[in-house]
Amino acid sequence: MATTSLAGKPEAERCCTVDRVSMVYKIGAFGGTDLPAVRDVSFEVRAGEVVSLIGESGSGKTTLGKMILRLCPITGETITVDGVDISTFKRRRLKTYYRSVQGVFQDPFSSYNPIFKADRVFSMIKDEYFAEVNAAEWRRKVAASLEAVRLSPDEVLNKYPHQLSGGQLQRILIARALLLDIRLLVADEIISMLDASTRIDVLNLLADLKAQGLGILFITHDLSLGNYVSDKTVILRRGRIVEMGAPDRVFGNPLHPYTKSLLTSVPQLHRKWERVEAELAAGRAGLTGRCIYHERYPNGDGPVGLDAERPTLAEAEDDHFVACFQADGEETC
Ligand SMILES: Nc1ncnc2c1ncn2[C@@H]1O[C@H](COP(=O)(O)OP(=O)(O)O)[C@@H](O)[C@H]1O
Ligand SMILES: [Mg+2]
C-alpha cells in the first residue's frame, strides 16, 4: 500500500489544502490538561468539489472547520488556500481572506440578533467590505445573492428572525457569504436543524454552488447526507482521519471497522432496530484488538510507548485511503 501524499497534484486544482494539522485544547484548572481535538490531519478541497467531513460528535469536525476559518490557531504543519499559507494571517490579511472564505454554522438562529431585522447581516457586510457601493447597486447585489439561494427578496427582507423559517435563515446566511464572491465555504452541520424538505433544498443549493466552481467543506455527523452531495468523503474519529476517498468507495466498500459501524447504525426503514443493535455489537467486538482505534483506548492514544500500533492512512485502492491494520487482509486486528 502506498502512503498518502499531497505531492504531485497540480497546485491550480487545489482550493484548500489541509496539511498535517493538529489542535490541542487546554482544559481543566489553569489549562493544565491537554485535550487533543485534531491530530495530524491532511486532506484537500478542490475548486468545484464538495468534501464531506463526517464523524460522531466530538470527533473534531468543527475544530477543523474553525482552523480553516482561522477561528482556531493552526498547529502542526499548515493550511494553504489557493497556494497561500493562511496560518500567520493577521487583521488586514484576515479581512481580505474572509472575502474568499466564509463559514455557515449549525444553528441559524444563533447567527441573528432577535431584536434586529434579519437582513442586518447584509448591512454588516456592506459596512465592512463595500462601503463605497451606493444604495441602489447594493440592493441589486443583495437581490442577486438572495435569488442565488432561491429566496425572493420580498419574502425575506425587512423581516425579523422569528418571522422566518430555519431554512430561510440558513439560506440568508449562505447568501451573505455569496455577496463576498467566495471560493470556499465551510458548511458546519448547516442542515442538521432543518426539516426534511428544506434539507433537500439546501443540499440542491450546495450542488448549484459547486457547479459554479465553489469548493465546499460539508461538515456533518449524518452519513446519508454526506453521501448525497459529496465528491470526497473524509471520516474522522477522535481527531484523526480513519478513512477517506470517493464516496462510492468509502460507502460501497467501507474498510475501517469504524466506518462499517457508522454505516450499520444509519436507520433504514426496512430493518428492525434489534437486528441493527446486534450487528453493531458484533462490529464493536471486531474493534477489540491491538490498534489504537479500539474500544479499550477510548482517547485514541493507545498505551504510552506503543505509537507503532497506530495505523497510518494508506491507499487501499484507487482514490480510497484507510488507517487500519486489517484493510489489506494481511493482518487482523
Ligand atoms: N473551546 C473548546 N475548549 C475545550 N475543548 C473543546 C473546545 N471546543 C471543542 N472542544 C473539544 O474538542 C473535541 C472536538 O470538538 P469539536 O471539534 O467541536 O467536535 P465535533 O464538531 O466533531 O463535534 C471535543 O472533545 C470537544 O469537547
Ligand atoms: Mg461540531
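For the structure, see preceding data.
Numbers given to residues run from 1 along each chain, matching the order in which its sequence is written. Lettering of chains starts at A and numbering of ligands starts at 1, both following the order in which they are written. Owing to the predicted nature of the model, reporting of local features is limited to residues with pLDDT of at least 70; listing and counting of side-chain atom pairs is limited to 80 or more, with chain, interface and lining totals taken over all residues. Calculated side-chain values reflect all of the structure's heavy atoms, with hydrogen atoms and water omitted.

A.B. asks: Whenever I open this one, unusual backbone geometry confuses me. Can you help?
C.D. replies: Both trends apply: most residues other than glycine have a negative phi, and most peptide bonds are in trans. Positive phi, close to 60 degrees, is recorded for arginine 70, a residue that is not glycine. With respect to the element layout, arginine 70 can be found in the loop between helix H1 (61–68) and strand S4 (75–81). Even without being glycine, glutamate 189 reaches a positive phi, approximately 55 degrees. Checked against the element boundaries, glutamate 189 lands in the loop between strand S7 (184–188) and helix H7 (196–211). Helix and strand assignments follow DSSP, with helices taken as H or I runs no shorter than four residues and strands as E runs no shorter than two, numbered in order from the N terminus.

A.B. asks: What exactly am I supposed to notice about the layout of surface pockets here?
C.D. replies: Leftover empty space is mapped by rolling, across the atoms, a probe with the size of a water molecule. Cavity and pocket criteria rest on a 1 Å grid covering protein atoms alone: a 1.4 Å probe that fits but cannot get out defines a cavity, protein on both sides within 12 Å along at least 5 of 7 lines defines an open pocket, and an atom within 4 Å of a point defines a lining residue. Grid points are joined across faces, edges and corners, and a volume is the space filled by probe spheres set on the points. Considered as a void within the structure, the second largest pocket measures approximately 410 Å³ in volume. As for the second largest pocket, its lining consists of 16 residues, of which Gln102, Gly103, Phe105, Ile125 and Arg176 are closest to the centre. When residues of the lining of the second largest pocket are assigned to their parent elements, the largest contribution, five residues, is made by helix H3 (residues 120–129). Note that Gly is not counted as nonpolar here; it falls among the polar residues with everything else outside the nonpolar set of Ala, Val, Leu, Ile, Met, Phe, Trp, Tyr, Cys and Pro and the charged set of Asp, Glu, Lys and Arg. For the lining of the second largest pocket, the per-class residue count stands at 11 nonpolar, three polar and two charged.

A.B. asks: Which parts of the structure should I look at to understand the pattern of salt bridges?
C.D. replies: Pairing between side chains of opposite charge can happen when the charged atoms of each approach one another. A pair is scored as a salt bridge if a Lys or Arg side-chain nitrogen falls within 4 Å of a carboxyl oxygen belonging to Asp or Glu. All told, the structure shown has seven salt bridges when counted by the stated rule. Arginine 183 is the salt-bridge partner of aspartate 82, the closest N and O atoms lying 2.4 Å from each other. With aspartate 82 in the loop between S4 and strand S5 (84–85) and arginine 183 in the loop between helix H6 (166–179) and S7, this residue pair connects regions lying 101 residues apart in the sequence. Whether a residue is buried, partly exposed or exposed follows from its accessible area with a 1.4 Å probe, protein chains only, as a fraction of its type maximum: under 20%, in between, or over 50%, in that order. Aspartate 82 gets classed as partly exposed once you look at its relative accessible area, which sits at 37%.

A.B. asks: In this structure, what is going on with helix H4 (residues 135–148)? I would like to understand it.
C.D. replies: Structural remark: α-helix, 3.6 residues per turn; residues separated by three or four positions point the same way. The terminal C-alpha atoms of H4, which comprises 14 residues, lie 20 Å apart, in line with the 20 Å expected from a rise of 1.5 Å per residue. Buried residues of H4: Trp138, Val142, Ser145 and Leu146, and no others. When H4 is viewed along its axis, its buried side chains cluster within an angular range of 105 degrees and face the same direction. Relative to its buried face, H4 has exposed residues pointing more than 90 degrees away, namely Arg140 and Glu147. Here a polar contact means two N or O atoms within 3.5 Å. Within protein one must be a hydrogen donor candidate and the other an acceptor candidate, and residues neighboring in sequence count only if both atoms are side-chain atoms. Near the N-terminus of H4, the side chain that reaches the backbone nitrogen of alanine 136, with its oxygen 3.2 Å away, is that of asparagine 134. Positive phi appears at arginine 150, one or two residues downstream of H4, with a value of about 60 degrees. Given a helix with a known number of residues, its expected span is that number minus one, times 1.5 Å. Taking the helix axis as origin, the arc is that swept by the directions to the C-beta atoms.

A.B. asks: Sorry, what's going on with the environment of valine 250 here?
C.D. replies: Structurally, the position occupied by valine 250 is in helix H9 (residues 247–252). The class for valine 250 is buried, based on a relative accessible area of 0%. Along the backbone, valine 250 and histidine 320 are 70 residues apart, and their C-alpha atoms lie at a distance of 6.8 Å.

A.B. asks: Teacher, can you tell me more about the side chain of serine 145 here?
C.D. replies: Position of serine 145 among the secondary structure elements: in helix H4. Those residues within four positions of serine 145 in sequence are excluded, and the remaining contacts are Ala175, Leu178 and Leu179. Contacts are assigned to residue pairs with any non-hydrogen atoms lying within 4.5 Å of each other.

A.B. asks: Would you mind going over the packing of aromatic side chains with me for this structure?
C.D. replies: To describe a pair of aromatic rings, you give the distance between the ring centres and the angle between the ring planes. Stacked, edge-to-face and tilted labels apply to pairs of Phe, Tyr and Trp rings (six-membered ring for Trp) whose centres lie within 6.5 Å, assigned for plane angles under 30 degrees, over 60, and everything in between, in that order. Scanning the entire structure with this criterion turns up three aromatic pairs. Here phenylalanine 89 and tyrosine 97 contribute two aromatic rings whose centre-to-centre distance is 5.7 Å and whose plane-to-plane angle is 75 degrees, an arrangement assigned as edge-to-face. When sorted by exposure, phenylalanine 89 lands in the same class as tyrosine 97, which is buried. Their ring planes at 40 degrees and their centres at 5.4 Å tell us that phenylalanine 130 and tryptophan 138 sit as a pair that is tilted.

A.B. asks: I tried to follow the site of ligand 1 on my own but got confused; where do I start?
C.D. replies: Whether a residue is near a molecule or strand depends on its heavy atoms: it is near if one of them lies within 4 Å of it. Neighbouring ligand 1 are the residues Tyr25, Ile27, Leu35, Ala37, Glu56, Ser57, Gly58, Ser59, Gly60, Lys61, Thr62 and Thr63. At 2.8 Å, a side-chain N or O of lysine 61 approaches an oxygen atom of ligand 1. At 2.5 Å, a side-chain N or O of threonine 63 approaches an oxygen atom of ligand 1. Areas reported here follow the Shrake-Rupley algorithm with a probe of radius 1.4 Å; residue values treat only the protein chains shown as occluding. In isolation ligand 1 offers 560 Å² of accessible surface; the protein chains occlude 63% of this area. Taken together, the elements giving at least two residues each to the shell around ligand 1 come down to strand S1 (14–27), strand S2 (33–46) and H1. Broken down by element, the residue count for the shell around ligand 1 peaks at three residues, all from H1. Partitioning the shell around ligand 1 into residue classes produces four nonpolar, six polar and two charged.

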